[in-house]
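# Descriptive structure summary
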Amino acid sequence: MAANMYRVGDYVYFENSSSNPLLIRRIEELNKTANGNVEAKVVCFYRRRDISSTLIALADKHARELEEEMENPEMADLPEKQKHQLRHRELFLSRQLESLPATHIRGKCCVTLLNETEALKSYLEREDAFFYSLVYDPQQKTLLADKGEIRVGNKYQADITDLLNEGEGDGRELEKLEEKIWDPNSSLTEKQIDQFLVVARSVGTFARALDCSSSVRQPSLHMSAAAASRDITLFHAMDTLHATGYDMTRAIAALVPQGGPVLCRDEMEEWSASEANLFEEALEKYGKDFTDIQQDFLPWKSLTSIIEYYYMWKTTDRYVQQKRLKAAEAESKLKQVYIPNYNKPNPNQLSNNVKPALVNGVAGAVVPGPPGTGQTPALGRACESCYTSSSYQWYSWGPPNMQCRLCASCWTYWKKYGGLKMPTRLDGERPGPNRSSLSPHGLPLRHSGSPKFAVKTRQAFYLQTTTVTRMTRRLCQDIIRPRHLARHPYLPVNTAAIKAECALRVPDQPKKPVSLKPVDRKPLESVVRYLEAHPCPVKPNPPTRGCSISTGSLTPIKSSPILNNGSPTILGKRTYEQHNGLDSSKSKVLAPQWDIMAKRMSEVARPSASLQDEIHELD
């Protein structure tokens, strides 16, 4: 019951898509709509996958600086897998608010501000634990350090001097460390001081009557007298009394100098009504984040002025009224809401009744299901995260054309943390065990001289220059300097000047056009057929035991930087014809791969002299 009860201030998971990771939000308000449904007003948190790569690099730089400050060698000793999973626990706070249906809540989590006293590894040891240290602005696309950072550590502590021994004197000059601004043992009595303060208030009221701007802000005598009674007037009066040596005559004369009465105004009186309204609006949005209030609402005010105005504003009736109004609104709003567990099946859940041959052509494999349910037919493809081939439930993951899947445990991890358990090639890390030495069908990779196993992830294209452009390259070689530009690819090229120079030089050339050597390019199919029939010869290794030749001596193919390279799970089923849009139903004229292997093994067994006769050139 308590686990399904959600209150204001809880960090929760929200689901907005059946295939994407869950959203992480903090409940700010729970409101009941007109149709009886409950809506949650929430603060948004963003994952690393939700922000741009530029900001991710900035966040990594901040993390490295934080590690250097913490001087914690634990992070350097963490294995790559834990570092990979730790990135999934990092969030970015935002000031963005949104309203979501409360029925989309899928559980609770814990989000804390990162501080120096807590080890990062502790987050991996706890379920549903996240941390943040930066604030993300979705509109400006910026990352800033959180102003509410908990300052814990040696560098934030005061340096306490040693205790003086008994009888030992303090060698510091106390006159330089402090300044006396009031003498309680003066010759004036309390009654005389109070009378002088009344005179100072009267002078302040008269000064406001003479000031044009003050007469507009305080049109009545009542308001002027109230403004003259504020602390700023009393502080000035007592400072004047202390500066004149507590001589009443001199002090009264100082209140009204030659130019007129002294007018003292504080921030509460300096601010206009429109500025006060802007401040209240900013305080409602940002709270006590005075830096953001200054940047977005009051850039013409100094930070000191805004902070001083805030603490004076808290003493006004306006603040008391707003506080009572908020308390009344809070009483009318929901304090908590009960959301039952969500038990509907996920659309990405793979049915166990799917024929295996429809997915990957492997039939007859079985996967152990939950206890008491017997065995269910497997889809034949391993989990993309943990590489297991057995799970009681599978979920489709990734692009539909990839036909990838995750086991139940990795699917839960993906939904909660927004990533896979194991690092992949796309993250710049090592693939899984024995995943780079197997072909898509689980066979050892070998280099047959054919691009059959090279995976093309984008449409192939080439740039074709016009005849005029090629002619310009030859006529204006002294201006273009192609060798210099090739070594400095970022230098700008003045194409307008080159065109103008080419137009001047073209009439000086002979009328016979420049002969370009024609190039007869063979079609791609003939090139592939030639490469299959004439593979690159390999130098034989000297036999160590007998004359047996192992397939391991064959030249391995270069591993392409693809996701889970060589995996029986991703991109391994797509043939060369499928990548290039050729009809795979036609009869293939390419030699079978096992015939090629046998041909190459026979070529390796020949003497090295005979290999020279087998080298051909492609016309």
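Residue numbering note: each chain is counted from 1, following its sequence as written. Predicted model: local features are reported for residues with pLDDT of at least 70 only, side-chain atom pairs are reported and counted for 80 or more only, and whole-chain, interface and lining totals are derived from all residues. Excluded from the side-chain calculation are hydrogens and water; included are all heavy atoms of the structure.

### Overview of the overall build of the chain
Put simply, the test is: Going along the chain from the N terminus, every DSSP run of H or I of four or more residues is numbered as a helix, and every run of E of two or more is numbered as a strand. Two residues form a contact once any of their heavy atoms are found within 4.5 Å. For the area figures, the Shrake-Rupley method with a 1.4 Å probe applies, and any residue is considered shielded solely by the protein chains shown.
Counting its secondary structure elements, the chain contains 25 helices and 13 strands. For the chain, restricting intrachain contacts to residue pairs at least 6 apart in sequence, the fraction spanning at least 24 positions comes to 65%. When the accessible surface of the chain is totalled, it reaches about 40,400 Å², and 54% of it is carbon and sulfur.

### Thoughts on helix α21 (residues 495-505)
Definition in use: Burial classification: accessible surface area is computed with a 1.4 Å probe over protein chains only, and a residue below 20% of its type maximum counts as buried, one above 50% as exposed, and the rest as partly exposed. The arc in question is formed by the directions pointing from the helix axis toward the C-beta atoms.
Looking at α21, one finds that the buried residues are I498, C502 and R505. End-on view of α21: buried residues confined to an arc of 65°, all on one side of the axis. Residues of α21 that are exposed and point over 90 degrees away from its buried face: A496, K499, A503 and L504. On its buried side, α21 packs onto α18 (467-475) and α19 (477-480).

### Considering the packing of aromatic side chains
Both the distance between ring centres and the angle between the ring planes are used here to describe each pair of aromatic rings. What counts is decided by this rule: Whether two aromatic rings pair depends on their centres lying within 6.5 Å, for rings of Phe, Tyr and Trp, where Trp uses its six-membered ring; planes under 30 degrees apart make the pair stacked, over 60 edge-to-face, and the rest tilted. Either the NZ atom of lysine or the CZ atom of arginine qualifies as a charge over a ring when it sits within 6 Å of the ring centre and within 35 degrees of the ring normal.
In this structure the tally under the stated criterion is 20 aromatic pairs. Considering the side-chain rings of W182 and Y246, the 5.2 Å spacing of their centres and the 70° angle between planes classify their relative orientation as edge-to-face. Of this pair, W182 sits in the loop between α5 (174-177) and α6 (190-210) while Y246 sits in the loop between α9 (231-243) and α10 (248-255), and the two are 64 residues apart along the sequence. A ring pair is formed by W271 and Y309, whose centres lie 4.0 Å apart and whose planes are at 5°; its orientation type is stacked. With W271 in the loop between α11 (267-270) and α12 (273-286) and Y309 in helix α14 (residues 303-313), this pair connects stretches of sequence that are 38 residues apart. Just as W271 is buried, Y309 falls in that class too. Within the aromatic cluster, the residues linked to one another by ring pairs are W271, F279, F290, Y309, Y310, Y311, W313 and Y319. Between the NZ or CZ atom of K108 and the centre of the ring of Y6, over which it lies, the distance is 5.6 Å. The ring of W394 has R405 sitting right over it, with the charged end atom 3.5 Å from the ring centre.

### Some words on a nonpolar patch on the surface
Spelled out, the test is: The patches reported here contain residues having more than 30% relative accessible area and no salt bridge. Joining distances are 9 Å for like charges and 5 Å for nonpolar side chains (Val, Leu, Ile, Met, Phe, Trp, Tyr). Any Lys or Arg side-chain nitrogen found within 4 Å of a carboxyl oxygen on Asp or Glu counts as a salt bridge.
A contiguous nonpolar patch, built from L303, I307 and Y311 and spanning about 250 Å² of accessible area, is present on the exposed surface. Along the polypeptide, I307 turns up in helix α14.

### Brief notes about the nonpolar core
Rules: Nonpolar cores are built from buried Ala, Val, Leu, Ile, Met, Phe, Trp, Tyr and Cys residues. Side-chain atoms within 4.5 Å join them into one set.
Judged by nonpolar contacts, the single largest core of 16 residues is most densely connected at I24, F45, L91, C109, V111, F130 and Y132. Breaking this core down by element, the ones donating at least two residues are β2 (11-14), β4 (38-47), β5 (90-101), β6 (105-113), β7 (129-137) and α17 (408-417). Aside from chain neighbours lying at most four places away, what touches L91 is I24, F45, Y46, R47, V111, F130, F131, Y132 and S133. Core analysis: the next-biggest nonpolar cluster, separate from the first, contains 14 residues, A276, F279, A282 and L283 among them.

### Some details on the pairing of strand β3 (residues 23-32)
To keep things clear, this is the line we draw: Pairs of strands are assigned from DSSP output, requiring at least two bridges between the strands.
Two strands pair when backbone bridges link them, and β2 and β3 are joined in this way by four bridges, in the antiparallel orientation. Note that in β3 the partner of V12 across the bridge is R25. Bridge count between β3 and β4: eight bridges; the pairing is antiparallel. Bridge pairing in β4 places R26 opposite V43.

### Let's talk about the confidence of the model for the chain
Stated precisely, the cut-off is as follows: Scored from 0 to 100, pLDDT records how confident the predictor is in each individual residue.
When pLDDT is averaged along the chain, the result is 75; 70% of the residues meet or exceed 70. Across the chain, the secondary-structure element scoring lowest on mean pLDDT is helix α16 (residues 356-359), at 38, and the one scoring highest is β2, at 95. The low-confidence segment residues 425-456, where pLDDT is below 50, has 71 contacts with residues more than four positions distant or belonging to other chains. Contacts from residues 546-574, a stretch scored under 50 in pLDDT, to residues over four places away or in other chains number 62 contacts.

### Concerning the packing of α6 against α9
Put simply, the test is: Orientation is described by lines fitted to C-alpha atoms, with helices fitted over the stretch in contact, and by angles between N-to-C directions that extend from 0 to 180 degrees. Reported orientations rely on four angle classes, namely roughly parallel under 35 degrees, roughly antiparallel over 145, roughly perpendicular from 65 to 115, and oblique for the rest. Less than a right angle of anticlockwise turn of the near helix away from the far helix marks a crossing as left-handed, whereas a clockwise turn marks it as right-handed. Nonpolar residues are Ala, Val, Leu, Ile, Met, Phe, Trp, Tyr, Cys and Pro. Charged residues are Asp, Glu, Lys and Arg, and all others, Gly as well, are polar.
At a minimum axis distance of 9 Å, the contact between α6 and α9 shows a crossing angle of 125°. Overall, the two elements α6 and α9 adopt an arrangement that is oblique. Handedness of the α6/α9 crossing: right-handed. Contacts between α6 and α9 involve I193, F196, L197, A200, R201 and R208 from the former and T233, L234, A237, M238 and L241 from the latter. Of the residues assigned to the contact of α6 with α9, the class counts are eight nonpolar, one polar and two charged.

### Examining the pairing of strand β13 (residues 404-407)
Neither face of β13 is open: one carries C404 and L406, the other R405 and C407, and all of them are buried. Hairpin remark: strand β12 (residues 394-397) followed by β13, antiparallel, with six residues in the connecting loop; positive phi at G398, about 85°.

### What about the side chain of E267?
Threshold: The sign given to each residue is positive for Lys and Arg and negative for Asp and Glu; His and the chain ends receive no count. Polar contact is defined as a pair of N or O atoms within 3.5 Å, subject to the rule that within protein one atom must be able to donate a hydrogen and the other to accept it, and that residues adjacent in sequence are counted only when both atoms are side-chain atoms.
With respect to the helices and strands, the residue E267 is situated in helix α11. K301 provides the closest opposite charge to the buried, unpaired E267, separated from it by 5.0 Å. Polar contacts involving the side chain of E267 include one to the side chain of W271, which spans 2.9 Å.

### What about the pattern of salt bridges?
Scanning the entire structure with this criterion turns up 18 salt bridges. A network of salt bridges, in which partner residues are shared, links E15, R106 and K415.

### Notes on the environment of L334
Among the secondary structure elements, L334 is positioned in the loop between α15 (317-332) and β9 (336-338). Residues L334 and E29 lie 305 residues apart in sequence; the distance between their C-alpha atoms is 7.7 Å. In this view, L334 contacts V8, L30, N31, K32 and V38; residues no more than four positions away in its chain are not counted.

### Comments concerning the environment of L255
The topology assignment puts L255 in helix α10. Distance in space between the C-alpha atoms of L255 and V203 is 7.4 Å, their sequence separation being 52 residues. For L255, the residues in contact, after removing those within four places along its chain, are F196, V199, A200, V203, H236, P261 and V262.

### Describing the packing of α6 against helix α8 (residues 221-228)
In contact at an axis separation of 8 Å, α6 and α8 are set at 130° when each is read in the N-to-C sense. Regarding the angle of α6 to α8, the classification is oblique. Considering the relative orientation of α6 and α8, their crossing is right-handed. Taken together, the residues of α8 that come into contact with α6 (itself represented by R201, G204, T205 and R208) are L221, S224, A225, A227 and A228.

### A short note on the environment of Q192
Mapped onto the secondary structure, Q192 falls in helix α6. Remark: the alpha-carbon pair of Q192 and M248, spanning 56 residues in sequence, is separated by 8.5 Å. The contact partners of Q192, leaving out residues within four places of it in the chain, are S187 and M248.

### Focus: unusual backbone geometry
Most peptide bonds adopt trans geometry, and most residues besides glycine take a negative phi value. With a phi angle near 60°, K141 is a residue other than glycine that sits in the positive phi range. Considering the arrangement of structural elements, one finds K141 in the loop between β7 and β8 (142-145). Residue R481 is not a glycine yet carries a positive backbone phi of 50°. Looking at the element boundaries, R481 is found in the loop between α19 and α20 (482-487). Exposure remark for R481: the relative accessible area of 45% places this residue in the partly exposed category.

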